[in-house]
Amino acid sequence: DAKTTQPPSMDCAEGRAANLPCNHSTISGNEYVYWYRQIHSQGPQYIIHGLKNNETNEMASLIITEDRKSSTLILPHATLRDTAVYYCIVLTGGSYIPTFGRGTSLIVHP
Amino acid sequence: DAGITQSPRHKVTETGTPVTLRCHQTENHRYMYWYRQDPGHGLRLIHYSYGVKDTDKGEVSDGYSVSRSKTEDFLLTLESATSSQTSVYFCAIRRDTATNYGYTFGSGTRLTVV
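All figures in this text were calculated on a predicted structure; none of them were measured in a lab.

With that settled, the discussion passes to the side chain of E31 of chain A. Mapped onto the elements of the fold, E31 of chain A is located in the loop between β2 (18-23) and β3 (32-38). Polar side-chain contacts of E31 of chain A include one of 2.8 Å to the backbone nitrogen of S28 of chain A.

Another aspect to go through is the sheet that holds strand β3 (residues 19-25) of chain B. Residues and elements named next belong to chain B. With antiparallel pairing, four strands are arranged side by side in an open sheet as β1-β3-β8-β7. Single-partner strands in this sheet number two, and they are β1 (4-7) and β7 (64-70). Direction aside, neighbouring strands of the sheet carry axes that sit 20° apart on average. In this structure, β1 lies alongside β3, joined through four bridges in antiparallel fashion. Considered in β3, the bridge of T5 is made with H24.

Before going further, it helps to examine the pairing of strand β7 (residues 70-75) of chain A. All names here are of chain A. Only one face of β7 is buried: it carries S71, L73 and L75, and the other face, with S70, T72 and I74, is open. Two elements, β2 and β7, share six bridges in a ladder whose sense is antiparallel. The residue of β7 that forms the bridge with A18 is L75. Looking at chain direction, strand β6 (residues 61-64) and β7 are connected through four bridges and run antiparallel. In the sheet register, I63 faces β7, and the bridge partner there is T72. Connecting β6 to the next strand, β7, in antiparallel fashion are five residues, including R68 with a positive phi near 65°.

Each value, and the rule that gives it
- Residues numbered from 1 in each chain as written.
- Chains lettered and ligands numbered in written order.
- Predicted model: local features only at pLDDT ≥ 70, side-chain atom pairs only at ≥ 80, totals over all residues.
- Heavy atoms only, no water.
- Helix = DSSP H or I, 4+ residues; strand = E, 2+ residues; numbered from the N terminus.
- Polar contact = N/O pair within 3.5 Å; in protein donor to acceptor, adjacent residues only side chain to side chain.
- Pairing = 2+ DSSP bridges.
- Axes fitted to C-alpha atoms, helices over the stretch in contact; angles between N-to-C directions.
- Buried < 20%, exposed > 50% of the residue type's maximum accessible area, 1.4 Å probe, protein only.

Just geometry here; none of it tells us what the structure is for.
Take a look at the structure:
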């Protein structure tokens, strides 16, 4: 599976958009980009995933660059409850041993 | 969440005693995983299973064993608990549909070895 790189920490003001970047420059054509988040002491929670098109759901939007070498998770109106560690990973049907890395610690402040 | 439960949620045990953690799923997924999470280390894979009686080691398997006698249950055993095994343990299942290979995690078991 392709390796991902994320900034270790970010902060955002409540009510503003949080844009979390992820670099996956070695991604292959059949690898999906997945985003998870982990709120303190809880298990990681699935947010969104995509292959090459931008995706949106009730939690967030995922923007994948045209060359697919990077992506951005967007939380359009961050709240204090969005404070968490966010993980970006790439997966395929043949991915059976996921590696979550350290992720990005997002702090949303009032 | 999504048919995966861990038990117990919290446990305190003494050094040298055996401990078994249970992960139960209700959705018949083939792949199941045990992770541990410690401050500064993120999620580290202990063992995983790809079917009944089919298991393999992860990056931090020393001191742990697993068993899977039924599709729905994946057990993690600490044969002789040590203080270094104090951690939060997460179980996960892997989804396997045409467009979703994501993972669903349990709520975790907080284990303290004294």
